[in-house]
Amino acid sequence: MSIADHPAEGSARILVFAGGLCGAAGVALSAASAHLGGAFVGTAASFLIMHAPVFLAVGLARANRILRIGSLVLLIGLVLFCGDLLARDFVGSRLFPMSAPIGGSLLIAGWLAIAASALVRQRS
């Protein structure tokens, strides 16, 4: 299945792109964690790798609107959460105050929206 087989949907393309970037960043950060250490790099790598398939699946599937929105919320939460963890290790300071908790809350909200999308009937 290819994104080219579907009508050009911006959110689908963004999610497939994000899935690829999350997978690549997760692998690179896993290597960095193994070689350089860092208290938070390994956690960020794990989160990126575990969420990459979600973005690919939603981007490639004929997902309903709630599922796509939930996935985009998940992506924003992932960027904030992992960005804060990586800033702590590589820059020595937080991304901004409360960025990790906000990101974590958005991750939870995104997963709940994904769950809710299963309860919505799709039009045939």
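Details of the structure are given in the entry above.
Residues numbered from 1 in each chain as written. Predicted model: local features only at pLDDT ≥ 70, side-chain atom pairs only at ≥ 80, totals over all residues. Heavy atoms only, no water.

A. Broad picture of the nonpolar core. Core analysis: the biggest nonpolar cluster contains 25 residues, and Phe-55 and Leu-78 have the highest contact counts within it. At the level of elements, helix H1 (10-36), helix H2 (41-60), helix H3 (65-90) and helix H4 (99-117) are the ones that each hand at least two residues to this core. Setting aside its immediate chain neighbours within four residues, Phe-55 contacts Leu-15, Val-16, Ala-18, Gly-19, Cys-22, Ser-71, Leu-74, Leu-75 and Leu-78. (Core = buried A, V, L, I, M, F, W, Y, C linked by side-chain atoms within 4.5 Å. Buried < 20%, exposed > 50% of the residue type's maximum accessible area, 1.4 Å probe, protein only. Helix = DSSP H or I, 4+ residues; strand = E, 2+ residues; numbered from the N terminus. Contact = heavy atoms within 4.5 Å.)

B. Representation of the pattern of salt bridges within the structure. As enumerated under the stated definition, the model contains two salt bridges in all. With a shortest N-O distance of 2.7 Å, Asp-84 and Arg-88 are connected by a salt bridge. Of this pair, Asp-84 and Arg-88 both sit in helix H3, four residues apart, which is roughly one turn of the helix. You can call Asp-84 buried: its relative accessible area is 0%. Residue classification places Arg-88 among the partly exposed positions, given a relative accessible area of 25%. (Salt bridge = Lys/Arg side-chain N within 4 Å of Asp/Glu carboxyl O.)

C. Structural view of H1. The end-to-end C-alpha distance of H1 is 37 Å, a good match for the 39 Å that 27 residues give at a rise of 1.5 Å each. Taken together, the buried positions of H1 are occupied by Ser-11, Ala-12, Leu-15, Ala-18, Gly-19, Cys-22, Gly-26, Leu-29 and Ala-32. Against H2 and H3 lie the buried residues of H1. Following H1 by one or two positions, Gly-37 has its phi on the positive side, about 80°. (Expected span 1.5 Å × (residues − 1).)

D. Highlighting the side chain of Ser-11. Relative to the helices and strands, Ser-11 resides in helix H1. In contact with Ser-11, other than residues within four places in its own chain, are Arg-68 and Leu-72.

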